[in-house]
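Close look at the chain arrangement
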Amino acid sequence: MAHGNSGIVAALSRMSTNVDTKSQHVMLNVARRLINNILQTRSTKNVSQFSNIAEISEDSRIGWCYGDMSVSLGLANYSYA
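Cut-off values and rules
Residues numbered from 1 in each chain as written. Predicted model: local features only at pLDDT ≥ 70, side-chain atom pairs only at ≥ 80, totals over all residues. Heavy atoms only, no water. Helix = DSSP H or I, 4+ residues; strand = E, 2+ residues; numbered from the N terminus. Buried < 20%, exposed > 50% of the residue type's maximum accessible area, 1.4 Å probe, protein only. Axes fitted to C-alpha atoms, helices over the stretch in contact; angles between N-to-C directions. Parallel < 35°, antiparallel > 145°, perpendicular 65-115°, else oblique. Left-handed = near helix turned anticlockwise from the far one by under 90°. Contact = heavy atoms within 4.5 Å. Nonpolar A, V, L, I, M, F, W, Y, C, P; charged D, E, K, R; others polar. pLDDT = per-residue confidence, 0-100. Core = buried A, V, L, I, M, F, W, Y, C linked by side-chain atoms within 4.5 Å.

Position of S70 relative to the elements: it lies in helix α3 (residues 67-80). The buried category is assigned to S70, whose relative accessible area is 3%.

Take a look at the structure:
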């Protein structure tokens, strides 16, 4: 799992399914804010949509812990929450 914002989104999303409604709302609100932050770093100039380094627009290597695959995993987890 990613060690950045997308990892936090994935963790919050998964944990939110096992808590009370108020806690779930707070957790998903934080996840939503992090997603907005992630999407602001999206690049359409490179092959990779998301770099492996925050705030630097460059292609990332393929890896499960950063870049496009990691962001996709975080967003997928959020969509199921």
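What follows covers the packing of helix α1 (residues 5-15) against helix α2 (residues 21-40). At a minimum axis separation of 9 Å, α1 and α2 run at an interaxial angle of 155°. Judged by the angle between their axes, α1 and α2 are roughly antiparallel. Viewed along their axes, α1 and α2 form a crossing whose handedness is left-handed. Taken together, the residues of α2 that come into contact with α1 (itself represented by N5, S6, I8, V9, L12, S13 and M15) are M27, L28, V30, A31, L34, I35, N37 and I38. Tallied by class, the residues present in the contact of α1 with α2 amount to eleven nonpolar, four polar and no charged.

Now for the confidence of the model for the chain. Looking at the chain as a whole, the pLDDT averages 82, with 78% of positions reaching at least 70. Within the chain, α3 has the poorest average pLDDT of any element, 83, and α2 the best, 93.

V9, L12, M27, A31, L34, I35, I38, F50 and V71 form the largest nonpolar core, which has nine residues in total. Elements supplying a minimum of two residues to this core: α1 and α2. A per-element tally of this core places α2 first, with five residues. If we skip the residues at most four places from it in the chain, V9 touches A31, L34, I35, I38, G74 and Y78.

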